[in-house]
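Here are the chains, one letter per residue:
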Amino acid sequence: MTASVISEIQAWFHVVFVEQFDVWVILGFVAQAMFMMRFVVQWIASERAGRSIVPVAFWFFSVAGGALLLTYAIIRKDPVFIAGQGLGLLIYFRNLWFIFREARGPVDPMK
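The rules we used
Residues numbered from 1 in each chain as written. Predicted model: local features only at pLDDT ≥ 70, side-chain atom pairs only at ≥ 80, totals over all residues. Heavy atoms only, no water. Helix = DSSP H or I, 4+ residues; strand = E, 2+ residues; numbered from the N terminus. Contact = heavy atoms within 4.5 Å. Axes fitted to C-alpha atoms, helices over the stretch in contact; angles between N-to-C directions. Parallel < 35°, antiparallel > 145°, perpendicular 65-115°, else oblique. Left-handed = near helix turned anticlockwise from the far one by under 90°. Nonpolar A, V, L, I, M, F, W, Y, C, P; charged D, E, K, R; others polar. Phe/Tyr/Trp six-rings, centres within 6.5 Å; stacked < 30°, edge-to-face > 60°. Buried < 20%, exposed > 50% of the residue type's maximum accessible area, 1.4 Å probe, protein only. Lys NZ or Arg CZ within 6 Å of the ring centre and 35° of its normal.

Draft legend 1. Examining the environment of Gly-28 more closely. The residue Gly-28 is located in helix α2 (residues 23–49) in this model. It is 9.3 Å that separates the C-alpha atoms of Gly-28 and Gly-65, two residues lying 37 residues apart in sequence. Dropping the residues within four chain positions of it, Gly-28 is found in contact with Leu-69 and Tyr-72.

Here's what the structure looks like:
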């Protein structure tokens, strides 16, 4: 690589990771870490069980990470990210609803 290419790459990294750094970028990194933790939790639970499972904590980390990422996307005005995280949150909450409904036991439709 030539010195000018390296200089351009360094300048790009400086803009992206230094000049744009603010409280919202910190929130974005925290949100991404929360979202990543769902996979860590799922991996550990699956390793312990010796089969693929999805623990309830996976869905709680999904909600926490998704909500924070949606907030970040709204602040950054990113329509693709907003749509993706918004739909994801509906799915995560729906899965938690199924889990809690199942934990309550069968519902008698005659009552």
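Text resumes after the structure shown.
Draft legend 2. The arrangement of the packing of α2 against helix α3 (residues 56–76) in detail. One way to put it is that α2 packs onto α3 with a least axis distance of 8 Å and a crossing angle of 155°. One element, α2, and the other, α3, form an angle in the roughly antiparallel class. Considering only the axes of α2 and α3, their crossing is left-handed. The class makeup of the residues in the contact of α2 with α3 is 18 nonpolar, seven polar and two charged.

Draft legend 3. Region of the structure containing the packing of α3 against helix α4 (residues 79–104). Close contact between α3 and α4 brings their axes to 9 Å; oriented N to C, the two are set at 155°. As far as their axial angle goes, α4 and α3 are roughly antiparallel. Pair α3 / α4 crosses with left-handed handedness. Residue-level contacts link Val-56, Trp-59, Phe-60, Ser-62, Val-63, Gly-66, Ala-67, Leu-69, Leu-70, Tyr-72, Ala-73 and Ile-74 of α3 to Phe-81, Ile-82, Gln-85, Gly-86, Leu-89, Tyr-92, Phe-93, Asn-95, Leu-96, Ile-99 and Phe-100 of α4. Looking at side-chain class alone, the contact of α3 with α4 contains 18 nonpolar, five polar and no charged residues.

Draft legend 4. How the structure looks around the packing of aromatic side chains. Under the defined criterion, the tally for this structure stands at eight aromatic pairs. Aromatic pair Trp-12 and Phe-13: ring centres 5.0 Å apart, planes at 90°, arrangement edge-to-face. Judged by relative accessible area, which is 51%, Trp-12 ranks as exposed. What links up through ring pairs into an aromatic cluster is the set Phe-35, Phe-39, Phe-58, Trp-59 and Tyr-92. For the cation-ring pair, Arg-38 lies above Phe-35, with the distance from its terminal atom to the ring centre recorded as 3.9 Å.

Remember that the coordinates give geometry; whether it matters functionally is a separate question.
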